[in-house]
Every structure is written in C-alpha cells, then in structure tokens.
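Analysis of the macromolecular model
If you want the building blocks of each chain, they are given just below.
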Amino acid sequence: LLNILCRLDGAVSAVRLSCPDDISVIPRLTPLVSESRDLIQSLISGATAIGLPEKGFVPVERSSSESSDVIISVGFEFCPEATFCVIGNGLCGGIFTRQVATPNEFSNLTIGPYIGASLAAGEIFRQVRLIGYLPQRQLFLNVSDYSHDPDPSWVDLKIHRELRAVLLVGVGAVGCSLLHALYPLPLRGSICLVDNDEKGVEITNLGRYSLFGSDSVGKPKASQAAELLRGAEFRTIPHDGSFEHFFEGTDKPEIVLSAVDNNAARHALQEQYTPQFLSASTQNLRAEIMRCGPPSIGACLACFNPLEVSGRRTEEEIRSQLKDSPIMITDLCKKLGLDIEDAISWIQEPKCSQTGERLIEELRTEDGSLPMFAVGFVSVLAGTLLAAELLKTLEKWSGLLGEKANRAVFQFQNPESKTNRSGFYPRDEYCTACSPKNVGTRIWAHRYKQFREATHPN
C-alpha cells in the first residue's frame, strides 16, 4: 500500500507511518528494502528508494502530532479511529469499517494483501478525484472465483509446484506488479522475462511500475527486473528485445503471460499459438484478466484489439507543444480537473506525475480515439490477478478461469458494481487470428487441448 501511495503524487500530499519500532521485517518483503532493519525503517527506506519528493514522489515520514485527512488501519482488528481498515489473506483482500471474521489459518500468499492494498489506494483516489464520490469502504474481492462481498471469504492456495515453461511478455506496470507479487513466495523453477522497450525505465514510468525505483531509471526493463529479483527462490531469465527470442529453440513456452500495453504486440503474440495465453490489462480505472480461448470460441489476444494508428506523438513533442501554449495548459487543466501548478512543474521538468500521465494521454489521441489514462493501483490489481491465475494454473486449482468464464473485470469507478465479476467473453467474429478456418487456430486448438488435460483438475 505504501508502494502505491508514494507514487500517487497529485492525489496524496504526504504519507505518515505509525507502527511499533520492534516489528521485524519478513524475508523478501520487497526488492526495494533492506531486510536487516525493523519494519518502519524498512518502509521509509523503501519509499526513499522509489523516489524523492523533488522528483515527484510523495514524502513519507513517521507520524507526528499533525492531523491527517485519511487514517488507514492495516490489520485484521477493526480500529474505530480509522477512516477505514485494510487487510488481505490467501486469495481474498479488502477494506472494512466494522469488525470482520479472521481466517482460521494465516497464509503466506501476497495475493490477498495486494488486492487489499489496491482497493485501499483506489478508495483514496476516488475520494480525491471523482466528482460525486460516494464512499464504498466495506468490500472484499475474492479471486478464487472473482466475487466481491461486504464480508471476506478466506480461501487459501498452497504452493507445491514449480514455474516451468512460463514467459512474461512486457515488464511494464502490469508485469512489474506480477513479479512483485511472485517475489516473496516459496516458488521454485524459472520464469522468462522479455521487454522490447529500447528506452528502458523512464522517470515518468515510476508512477505505476511497482517493482522499480529511481535507481532503475535508464536501465533495460527485463534485465533490471531480473537483477532486483535475484533474491527470489525462483530463477528469472531476462531478454531485452523481441519475444521471438524465446520461441526460436525447441523448448518453447507453454504459458505466455501477456502484460503488453499495445495491440500490435498482442496480435504478434497470438500468432505464436502458445497452448495457454493469460492476459492482464488496464483501461482507465478498470483492471481485466483473461484466459484466452477456447480456440475459435472464446476471445484470443487479437480479438476486439484493433491495431493502433501509427504516428502518435511522443512525450517530448507534447511537452514542447504545451510550453508554447499557456492557454492550452489552462484549458486542459480545467477540462481534466488538474492542478495548473502541477502541470507547469511537469512541463518544465520530466518527473513521476499523475498529472503528466493525464496530459500525455489527452494529447496523444488525435486519431479520434478516446483518451486513456493509467493509475498505479489499477496496474497493481491487474498484475496481482495475473499472478493469482498463474498460481491457480500451476496448482490445478478448481477455480480457474476457463471454458465457461474466461475473463474477469474489476473497475474502481463503482467497486460494488455487478459488472465486477467473471464471465464468458466470446471471440470477435471478425478476428482472423482465431478464425476456425485459420490453420494456426487448428494448431492452437490441439496444443490448448493437451495443455488443458495436463493442468486442469480432474
């Protein structure tokens, strides 16, 4: 939760921590902190490793006598003085404002806690940014079946098997969150990482990339992620380039985790016809997880994902345009509900900024498409859902997304919405990549059937 909050500049002005000094740090809490210190010192050092306030990050300090607008209590015990409480365990996490049942057994999974952290950060963002905001502070999301309820349903998942023949494509916001969720787990085996972004990690990425801190800026994403994860029990095999690298030999991936953020990459990935594609993505305040297929029945990676119009302007071009047009800055800030001083500060100097993200996406869409924006807590939830579905696949969990319900969605605009659930997402009838007439689809169907028989519970 702290990781998300200190990247929410523009929505959060400061974070104050209150916890006893004698709490030790669990092993592999996060790659960004030292395990030799007590908890509160580790949290502060982790926040510092993410980035300093002068670079656009939220200052983090010990609590003082100053009052706070929002008080969040982390733990199973209800705290009446808190604005709301947050907790997670096993495959379930959420926020609450009354006493809730505790689990019979405490889990070492990160899934439930990271879900709770996402919902808590989302509630703060909603309170600050949404017009007509209505509090929704009694909500638990359970990814054993993607249901949500005012009361928790504590379900755990024991990890026994290893990572094998798994490829993560895209070490951006969603991919970072997946790796952050896997990092502390007693999970052996290996996972391949690939990212083809020649610019590597940029300072403006850090608002959403939960695995990286300021020391990662300028470094290639896949190899930098592998370096940060060197303390994990599982092995990472990075490649800073095209994903085709991992399909050139005979030992090809059987599970491809798609965490890419553009449709061209999704189309290219689908053409590999890997036995199982798991896809996670975000759109504005919505997180989505999909288990692609069944072939020619359920949606594939290319379905409903038209190729983008080329020639979109770069961040540098947008910044230059705004520098030359103060009137445009004023109009955009009024339209988007942004602070004009934050906007001017971002225009003058690149830094981590939600304001900058909104301006970029608003001005990149000259092709008539709707502007999109991204927020860190949505990416964390999407990556956490992807991690959960991967773990369920490895363990042959009965609650897998599959033939009858191949997609789950959670949108933060209205967290209690009935649309926040799993369901069946049929293929796009105009999609040629998974057409029944396509030879590739028949190959995919054969591989998919063999994989399903080997990984699904009896």
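The next point concerns the pairing of strand β10 (residues 235-239). For strand β9 (residues 189-194) and β10, the ladder comprises 5 bridges, and the chain directions are parallel. Residue pairing across strands places Cys192 opposite Ile237, the latter belonging to β10.

Overall, mixed pairing links the 8 strands, which are arranged β10-β9-β8-β11-β12-β13-β14-β15 in an open sheet. Of all strands in the sheet, those with a lone pairing partner are β10 and β15 (422-423), marking the two edges. Pairing geometry for strand β12 (residues 276-283) and strand β13 (residues 286-291), over 6 bridges, is antiparallel. Residue pairing in the sheet places Ser281 in a bridge with Glu288 of β13. In the packing of helix α4 (residues 173-182) onto the sheet, contacts are made with β8 (163-169), β9, β11 (255-258) and β12, and the angle to β8 comes to roughly 150°.

Right, let's get into the nonpolar core. Core analysis: the biggest nonpolar cluster contains 95 residues, and Leu182, Phe212, Leu257 and Phe377 have the highest contact counts within it. Looking at this core, the element that brings in the most residues is helix α11 (residues 376-394), giving 12 residues. Discounting residues that sit within four places of it in the chain, Phe212 has contacts with Arg7, Leu32, Val171, Cys176, Val201, Leu206, Lys221, Gln224, Ala225 and Leu228. Grouped together as the second largest cluster of nonpolar side chains are 25 residues, Leu167, Val260, Ala302 and Cys303 included.

Let us now look at the sheet that holds strand β7 (residues 147-149). Overall, mixed pairing links the 5 strands, which are arranged β3-β4-β5-β6-β7 in an open sheet. What marks the edges here is a single partner per strand, and that holds for β3 (72-74) and β7. This sheet shows a mean twist of 15° between the axes of neighbouring strands, independent of strand direction. Relative to strand β4 (residues 84-89), β3 is paired through 3 bridges, and the arrangement is parallel.

Right, let's get into the packing of α4 against α11. Between α4 and α11, the least distance of the axes is 7 Å, while the angle of their chain directions is 55°. It follows that α4 is oblique to α11 by the angle criterion. Regarding α4 and α11, the two cross each other, and that crossing is right-handed. Touching Ala173, Val174, Ser177, Leu178, Ala181 and Leu182 of α4 are Ser379, Val380, Ala382, Gly383, Leu386, Ala387, Leu390 and Leu391, all from α11. In terms of residue class, the contact of α4 with α11 is built from 11 nonpolar, 3 polar and no charged.

It is worth spelling out the packing of aromatic side chains at this point. The tally for this structure, following the rule as stated, stands at 13 aromatic pairs. Plain terms: the ring middles of Phe76 and Trp154 are 5.7 Å apart, the flat faces sit at 75° to each other, and that makes the pair edge-to-face. One end of the pair, Phe76, is in the loop between β3 and β4; the other, Trp154, is in the loop between β7 and β8, and 78 residues separate them in sequence. Considering the side-chain rings of Phe140 and Trp154, the 5.9 Å spacing of their centres and the 80° angle between planes classify their relative orientation as edge-to-face. Here Phe140 is found in strand β6 (residues 139-142), whereas its partner Trp154 is found in the loop between β7 and β8, with 14 residues between them in sequence. Chaining the aromatic ring pairs together yields one cluster made of Phe76, Phe96, Phe106, Phe140 and Trp154. In this structure, Arg407 is placed above the aromatic ring of Tyr425, and the distance from its NZ or CZ to the ring centre is 3.7 Å.

Calculation notes
- Residues numbered from 1 in each chain as written.
- Predicted model: local features only at pLDDT ≥ 70, side-chain atom pairs only at ≥ 80, totals over all residues.
- Heavy atoms only, no water.
- Pairing = 2+ DSSP bridges.
- Helix = DSSP H or I, 4+ residues; strand = E, 2+ residues; numbered from the N terminus.
- Contact = heavy atoms within 4.5 Å.
- Axes fitted to C-alpha atoms, helices over the stretch in contact; angles between N-to-C directions.
- Core = buried A, V, L, I, M, F, W, Y, C linked by side-chain atoms within 4.5 Å.
- Buried < 20%, exposed > 50% of the residue type's maximum accessible area, 1.4 Å probe, protein only.
- Parallel < 35°, antiparallel > 145°, perpendicular 65-115°, else oblique.
- Left-handed = near helix turned anticlockwise from the far one by under 90°.
- Nonpolar A, V, L, I, M, F, W, Y, C, P; charged D, E, K, R; others polar.
- Phe/Tyr/Trp six-rings, centres within 6.5 Å; stacked < 30°, edge-to-face > 60°.
- Lys NZ or Arg CZ within 6 Å of the ring centre and 35° of its normal.

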